[in-house]
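Understanding the architecture of this molecule
Okay, here's what each chain looks like letter by letter:
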Protein chains: 2
Amino acid sequence: MLRLVCTNTIYPEHSIIGTSALKIRIEQLNTIVGDINGNTKQVLGALSRASEAGMDLLVLPELAISGYPPMDLLERAVFRDAVYRANEKIIQSTGNTAILFGSFVSNEGPGRRMFNAALLAHNGKLISTTHKTLLPTYDIFDEFRYFEPNRSFDVVEFAGHKLGITICEDIWNTENEIIYHVYDQNPAARLKEKGAEILFNVSASPFSKGKAPLRLKMLQKHARELQIPIIYANQVGANTEVLFDGDSMALQADGSVVATTEMFEASFTDVLWKDGQLKSLSEYVVRDFSIEERIYKALVMGIRDYLDKSGLKRNLILGLSGGIDSALVATMACEAVGARNVTGLTMPSEFSSEGSVTDSQKLARALGMSIHEVPIKSLFNEFSTALSPLFEGTEFNVAEENLQSRIRGGLLMAMSNKFGSILLNTGNKSELAVGYCTLYGDMNGGLSVISDLYKQEVYALSNWLNDSYFGREVIPYDTINKPPSAELRPDQKDSDSLPDYDVLDDILKRYIEDQLSRDEIVGSGHGAETVDRVLKLVDLNEYKRRQSPPGLRLSAKAFGIGRRLPIVQRWTGHEADV
Amino acid sequence: MLRLVCTNTIYPEHSIIGTSALKIRIEQLNTIVGDINGNTKQVLGALSRASEAGMDLLVLPELAISGYPPMDLLERAVFRDAVYRANEKIIQSTGNTAILFGSFVSNEGPGRRMFNAALLAHNGKLISTTHKTLLPTYDIFDEFRYFEPNRSFDVVEFAGHKLGITICEDIWNTENEIIYHVYDQNPAARLKEKGAEILFNVSASPFSKGKAPLRLKMLQKHARELQIPIIYANQVGANTEVLFDGDSMALQADGSVVATTEMFEASFTDVLWKDGQLKSLSEYVVRDFSIEERIYKALVMGIRDYLDKSGLKRNLILGLSGGIDSALVATMACEAVGARNVTGLTMPSEFSSEGSVTDSQKLARALGMSIHEVPIKSLFNEFSTALSPLFEGTEFNVAEENLQSRIRGGLLMAMSNKFGSILLNTGNKSELAVGYCTLYGDMNGGLSVISDLYKQEVYALSNWLNDSYFGREVIPYDTINKPPSAELRPDQKDSDSLPDYDVLDDILKRYIEDQLSRDEIVGSGHGAETVDRVLKLVDLNEYKRRQSPPGLRLSAKAFGIGRRLPIVQRWTGHEADV
């Protein structure tokens, strides 16, 4: 993916407000949910800097005061009132530099208590308030839970121009998640009809693996179809599981990108809008962002923001099994907080391969993180002794397998509690999908880092790190090359219980992300028996996932707050007799 | 609460369709989410029995085919299609007995993919489809995620009458959860204006502690204000965490109740509607239902339906600490599945009081359930030894406290895995609120039974069981009378860490259920320091609750799927400087 990166910014010397030209700064803030004071300070700081730089207009993301997603904080009257006061404070703080920022405003009429809105203010006065029309209410989005939709459209008169203002989903009317709904409104087109000369979109549009190219295509389509330049300001940063890449930009009416911000960072870009043309006020170099790099940056940001925004020490712990999942997470943990703040535990049992320890040690050396060995054999034996009166006459089964995982989980949590380090969960999406993981064992953790990466993606990202990012063997080749195993009984391999990962991951993606039916998945070429087995495992293991840590979201359908399925239910996809 | 309970049913001998009179059966089904085949069979069975009994009309609850809440199953096209086929099958199966049942229907226009609807069918033909107007989208309800709202109102002509048909929330327009919204529609009033002679409401309205009297008041208000008789059919049973009490009924236009079903059971009642008057076709006795009895029945139903609807064995396990929480849950477990299917573990440590074992044994004897003792001292010592190189020089702290809880949690899960029994979580709402519980320890379990009961309510229910339900000491008086303690360090008491429960529970209820602000809670008479400490604990422990088991919902704001707060957030309720 081609990226324009700002290298140097040259500003014209004078303010040009009142003429036909506008100097516009697009700034992506990394706000914190609920931090009304801090977010307001961020907004006021950006306004002050934009003013010093001689900007005429500063454009900021959606819900910049409350942060996104504020969730049920919005139900608290005292929270809403504090946001309304902050809105007012920002409006009153404006001078020559105008501001267009996202926040919510009170709905005094019937319906929900608020409108999700974009406020334009200038010289201490509110110029306009635009309400969001299309309220996403699918996946992680719950906007109809809180907001009343806009139903009327008007351009905003400002500095002799007609501005078309939209909020996030308003411009995604035909491009995104249309399996859930059919939007009969196209706010951008309505505003163009009303005479808009330029289109603004203030967004909190989350990152997903395929989002950046889709976003660009969507913005270009609007620009070209409506023959209108577009200013797009999107949030950056991570709020619990939801990741934002920023990727704010300005596009000409012909769809060409004239300026972008740096993705995954709080950053801005400045443009001049004159005679209907947008021109960058900065110099740019073009560089490539691979899909792997975007995922890596997103996850590292997710780890770091989880700690920093919670006010937690940058101090992480994780279990190192010698396998690829924990190796990848350890690498990202070291990137996020520095290797000296990351501790690994290797906890071999009698079923562990030699590599479980040696490969973990090799990884830790390559990363520069510390590693401790705590063998669990005597702990396992002690549990077996304690349970022997009750387990007498039973065979070694899943109880003993899970027990090993739970002993390890207990040791990691003891370290976490003792030293105030946060335990990172290292489970991937494939195993979480089919329940190939132990509740209260390897499912432990404050944050799941790769729970939205299928096993094959874990390999791809690991190989990219070695080959392209580090240019050396950081994740041990032995770790990459050995057959995946939970090592909870003698000679166990993942392939004993599960289809090969190329088959499994493809079935899972079709079921979870594409929401295809059992028959459609079978029709795509997979064996019916395999499909039935996988789908049944996915459905049965909802109870495990309900108790899993929050996981960083990378796809349009991650496990967690955006995928809401009943635990007790009987839908199997086989409903032949109705 | 006064209940009419059917003792004997007398039917007129002939069908009276085509005349001015209608024999109406109101039946509350216990459907299973996603069980389209099974639910359809239930509906057809009810239709067949109503027909045999000479009924003219059978009225069933909301979303009777999919079960409620179907959640994201609704996003699957193949699921929707199966429901549409089931709707058709039911319509085609009707003869002289008409049916009014809840299901969803396809929306071919813009907006969401479905309408939540009530279908009236007769003699193999669909008479009418009524769409739901008010779509609850708060707490556990996500109806705007899936459904498009109705915006027009018409009565349905049937058997020479004008019927006003509404669906659940449609009649709660001014009575329930109005902190979230202002509904500007009153569907019942609109239908009366259009000439409705009788009002139907097909519901899936969940149980909560105060719901039954509120529901009656609401129905009576509609009846009296609109001078219209009401037929109310509500779902019964538990679907994961959501409990339904049924409580279906028929009311005269003067608000008097002429017939009710038996709460917490699949049941029906029959009425005759003639010359504008409703008359019961059954004989009734009146009996009392205390709030404690309603809670007890709801929770026992919740346990039983969790197992039965999941297809799990009726086989439960739980830890018995000698405390009140586990004693109460054990009592309900025995009621739900029979004492011989319930196993308790008592797992004393060096910090356990003598009573932790003896009171547990006394309880188990009183209930007739089995109990095993597994001391954890040697396990704890083994963990200490394993961790000693890493913990050297540190003091005994929360790490060691939690370790004991996690050892117990591991033992219970080993039993669960070995014998296929489901672990019941015994945590109450007070401790879950402030995080006075151990993740992966005493927070383990497939289902939380009393996670929506405050500690004081736990005492009240336990006393009621001894005094009124059993009429003898089942929950040991020693358990009830001893000061609550986690027994994780020497001489520990809950009161070392927490305010007294009368204070704590009152603050919690005001914060969580009433959504009052910090200042309002202080204003109600609690000390500012205590309020700040409690609120901070509640906010900080969101990460624990995100990983807690599903808990049976008893209040308007339980922890779980209906309370959605970010883990990473900084709102504290102190926003003095904005």
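As the structure is a computational prediction, the values presented were derived from the model and not from experiment. Position numbers for residues start from 1 in each chain and track the written sequence from start to end. Written order determines the labels here, with chains lettered from A and ligands numbered from 1. Under the rules for a predicted model, residues below a pLDDT of 70 receive no local features and side-chain atom pairs below 80 are neither given nor counted, while totals for whole chains, interfaces and linings still include all residues. Calculated side-chain values reflect all of the structure's heavy atoms, with hydrogen atoms and water omitted.

Turning to the overall build of chain A, a few remarks are in order. Counting secondary structure elements, chain A contains 17 helices and 24 strands. Against the 2.2 N^0.38 benchmark of 25 Å for 578 residues, chain A shows a C-alpha radius of gyration of 26 Å, consistent with a compact globule. By its C-alpha atoms, chain A is 85 × 60 × 45 Å across when sized along the principal axes. Contacts: residue pairs with any heavy atoms within 4.5 Å of one another. Taking as baseline every contact in chain A between residues at least 6 positions apart, the subset at least 24 positions apart corresponds to 74%. When the 60 positive and 75 negative side-chain charges of chain A are each reduced to one mean point, those points stand 5 Å apart. Where helices and strands are cited, they refer to DSSP runs of H or I of at least four residues and of E of at least two residues respectively, numbered from the N terminus. Two things to know: the radius of gyration comes from C-alpha atoms, and the globule rule equals 2.2 Å times the number of residues to the power 0.38. Only four residue types enter the charge count, namely Lys and Arg as positive and Asp and Glu as negative; His and the chain termini do not. Each charge is placed at NZ for Lys, CZ for Arg, CG for Asp and CD for Glu.

A few words now on the relation of the copies chain A and chain B. Superposition of the copies used a least-squares fit over C-alpha atoms from residues whose pLDDT is at least 70 in both. Once turned by 180° and shifted 0.0 Å along the axis, chain A lies on chain B with an RMSD of 0.0 Å. Taken together, the turn and the small shift mark the pair as related by a two-fold rotation axis. Considering only C-alpha atoms, the part of chain A nearest the rotation axis is Gln 547 of chain A, at 2.1 Å. A share of 100% of interface residues in chain A that are also interface residues in chain B marks the association as one of identical surfaces.

Looking now at the packing of aromatic side chains. In this analysis, rings of Phe, Tyr and Trp, with Trp reduced to its six-membered ring, are considered paired at centre separations within 6.5 Å, and the interplanar angle assigns stacked below 30 degrees, edge-to-face beyond 60, and tilted for intermediate values. Per the counting criterion, the structure on display carries 30 aromatic pairs over all chains. Consider the rings of Phe 79 of chain A and Trp 571 of chain B, whose centres lie 4.9 Å apart with planes at 90°: the pair is edge-to-face. Linking Phe 79 of chain A in helix α2 (residues 77-93) with Trp 571 of chain B in the segment after α18 (542-546), this pair reaches from one chain into another. Note on Phe 79 of chain A: relative accessible area 0%, which makes it buried. In textbook terms, an aromatic cluster arises when at least three aromatic residues are bridged by ring pairs, as seen for Phe 79, Tyr 84 and Phe 104 of chain A together with Trp 571 of chain B. Exposure categories follow from relative accessible area, calculated using a 1.4 Å probe and restricted to protein chains: below 20% of the type maximum is buried, above 50% is exposed, and the middle band is partly exposed.

All names here are of chain A. DSSP calls a pair of strands paired once it identifies at least 2 bridges connecting them. Strand order in the open sheet formed by 7 strands is β7-β6-β4-β3-β2-β17-β18, and the pairing between neighbours is mixed. The open sheet has two edge strands with one neighbour each: β7 (125-131) and β18 (277-280). Strand-to-strand twist of the sheet, defined as the mean angle between neighbouring strand axes without regard to direction, takes the value 30°. Axis definition: a line fit to C-alpha positions, over the contact stretch in the case of helices; interaxial angles, taken between N-to-C directions, run 0 to 180 degrees. Lying over the sheet, helix α1 (residues 36-52) contacts β2 (22-28), β3 (57-59) and β4 (98-106), oriented at roughly 150° with respect to β2.

On to helix α1 (residues 36-52) of chain B. One full turn of an α-helix is made of 3.6 residues, so residues set three or four places apart face in the same direction. Residue and element names in this part refer to chain B. Expected helix span is taken as 1.5 Å per residue step, with the number of steps being one fewer than the number of residues. Its 17 residues place the ends of α1 24 Å apart at the C-alpha level, agreeing with the 24 Å of an ideal helix rising 1.5 Å per residue. Listing the buried residues of α1 in full gives Ile 36, Asn 37, Gly 38, Asn 39, Thr 40, Val 43, Ala 46, Leu 47 and Ala 50. Tucked inside the fold, the buried residues of α1 contact β2 (22-28), β3 (57-59), α2 (77-93) and β4 (98-106). Gly 54 lies just past α1 and shows a positive phi near 80°.

Here the residue pair Tyr 68 of chain A and Pro 69 of chain A is connected by a cis peptide bond, since its omega of -5° sits within 30 degrees of zero. By secondary structure assignment, the location of Pro 69 of chain A is in the loop between β3 and α2. With a phi angle near 50°, Asn 123 of chain B is a residue other than glycine that sits in the positive phi range. Mapped onto the secondary structure, Asn 123 of chain B falls in the loop between β6 (114-122) and β7 (125-131). In the Ramachandran plot, Thr 240 of chain B falls in the positive-phi region, its phi being about 50° despite a non-glycine side chain. Note on placement: Thr 240 of chain B falls in the loop between β13 (236-239) and β14 (242-245). Assessed through its relative accessible area of 2%, Thr 240 of chain B is described here as buried.

Glancing now at the interface of chain A and chain B. Listed per partner, the contact involves 105 residues of chain A and 105 residues of chain B. In short, buried area is how much 1.4 Å probe accessible area vanishes from two parts on joining, totalled over both. Roughly 9,500 Å² of surface becomes buried between chain A and chain B when both sides are summed, with 57% attributable to carbon and sulfur atoms. Between Lys or Arg on one side and Asp or Glu on the other, a salt bridge is scored when a side-chain nitrogen of the former is within 4 Å of a carboxyl oxygen of the latter. Our enumeration of links across chain A and chain B arrives at 8 salt bridges. Residue Glu 241 of chain A pairs with Arg 546 of chain B through a salt bridge whose shortest N-O separation is 2.6 Å. Top element by residues in the side of chain A that touches chain B is helix α9 (residues 398-419) of chain A. It accounts for 15 residues. As a working rule, the residues Ala, Val, Leu, Ile, Met, Phe, Trp, Tyr, Cys and Pro are called nonpolar, Asp, Glu, Lys and Arg charged, and the rest polar, with Gly in that last group. Taken together, the residues of the side of chain A that touches chain B sort by class into 50 nonpolar, 25 polar and 30 charged. Direction of pairing for strand β10 (residues 181-182) of chain A relative to strand β5 (residues 111-112) of chain B: antiparallel, over a ladder of 2 bridges.

With that out of the way, let us pick up the nonpolar core. Buried Ala, Val, Leu, Ile, Met, Phe, Trp, Tyr and Cys residues form a nonpolar core when they are joined through side-chain atoms within 4.5 Å. Formed by 106 residues in total, the largest nonpolar core has its most connected members in Ile 99 and Phe 104 of chain A together with Ile 99 and Phe 104 of chain B. By size, the runner-up hydrophobic cluster in this structure holds 86 residues, among which are Leu 498 and Leu 535 of chain A together with Phe 391 and Met 415 of chain B.

It is worth spelling out the sheet that holds strand β18 (residues 277-280) of chain B at this point. All names here are of chain B. The strand order across the open sheet built from 7 strands is β7-β6-β4-β3-β2-β17-β18, with neighbouring strands paired in mixed fashion. In this open sheet, the two strands that pair with only one neighbour each are β7 and β18. Between one strand axis and the next, the sheet turns through 30° on average, direction left out of account. Across 3 bridges, β3 lies against β4 in parallel orientation. Of the residues in β4, the one forming a bridge with Leu 58 is Ile 99. Against the sheet, α1 touches β2, β3 and β4, its axis set at about 150° to β2. Along the sheet, α2 contacts β4, β6 and β7; its crossing angle with β4, the most-contacted strand, is approximately 160°.

Below, the discussion takes up the side chain of Thr 261 of chain B. Residue and element names in this part refer to chain B. Mapping Thr 261 onto the fold places it in the loop between β16 (257-260) and β17 (267-274). Relative accessible area serves as the criterion here: at 1%, Thr 261 is assigned to the buried category. As used in this structure description, the phrase polar contact means that two N or O atoms lie within 3.5 Å; if the pair is within protein, one of them must be able to donate a hydrogen and the other to accept it, and residues adjacent in sequence are counted only when both atoms belong to side chains. Separated by 2.6 Å, the side chains of Thr 261 and Gln 28 make a polar contact.

What follows is about the packing of helix α8 (residues 377-391) of chain A against α9 of chain A. Residues and elements named next belong to chain A. Interhelical geometry of α8 versus α9 gives an angle of 135° and a closest axis separation of 11 Å. Comparing their axes, α9 and α8 come out oblique. Pair α8 / α9 crosses with right-handed handedness. The residues of α9 that touch α8, namely those facing Leu 379, Phe 380, Phe 383, Leu 387 and Phe 391, are Ala 399, Glu 400, Leu 403, Gln 404, Ile 407 and Leu 411. Classifying every residue of the contact of α8 with α9 gives 9 nonpolar, 1 polar and 1 charged. Comment on the angle field: the value is read as roughly parallel under 35 degrees, roughly antiparallel over 145, roughly perpendicular from 65 to 115, and oblique elsewhere. In this scheme the handedness of a crossing depends on how the near helix is turned from the far one: anticlockwise by less than a right angle means left-handed, clockwise means right-handed.

Segments scoring low in pLDDT should not have their predicted coordinates read at a detailed level. Summary statistics for chain A give a mean pLDDT of 94 and a share of 95% for residues scoring 70 or more. Overall fold confidence (pTM) sits at 0.95, and the ipTM for the predicted complex is 0.95. Every residue carries a pLDDT, the predictor's confidence in it, which falls somewhere between 0 and 100.

Another point: the pairing of β7 of chain B. Residue and element names in this part refer to chain B. Inspection of the sheet shows β6 paired to β7 by 6 bridges, in the antiparallel sense. Among the inter-strand pairings, Leu 119 is bridged to a residue of β7, identified as Thr 129. Linking two consecutive strands that pair antiparallel, namely β6 and β7, is a turn of 2 residues; a positive phi of about 50° is found at Asn 123 within it.

On to the pattern of salt bridges, then. Taken as a whole and assessed by the stated rule, the structure comprises 64 salt bridges over all chains. Salt-bridge contacts for Glu 400 of chain A lead to Lys 418 of chain B; the nearest nitrogen and oxygen are separated by 3.0 Å. With Glu 400 of chain A in helix α9 and Lys 418 of chain B in helix α10 (residues 398-419), the pair connects residues from two separate chains. With relative accessibility at 10%, the residue Lys 418 of chain B sits in the buried group.

So, on to helix α8 (residues 354-367) of chain B. All names here are of chain B. For α8, built from 14 residues, the straight-helix expectation of 20 Å at 1.5 Å per residue is met to within 8% by its first-to-last C-alpha distance of 20 Å. When we look at burial in α8, the residues that qualify are Gly 355, Ser 356, Val 357, Asp 359, Ser 360, Leu 363, Ala 364 and Leu 367. Residues of α8 that are buried make contact with α7 (324-337), β21 (342-346), β22 (370-373) and α13 (477-481). With its phi angle positive at about 85°, Gly 368 sits one or two positions after the end of α8.

The next point concerns the environment of Lys 544 of chain A. By the element assignment, Lys 544 of chain A lies in helix α17 (residues 542-546). Apart from residues lying up to four places away in sequence, Lys 544 of chain A is in contact with Gly 435, Cys 437, Leu 439 and Met 443 of chain A.

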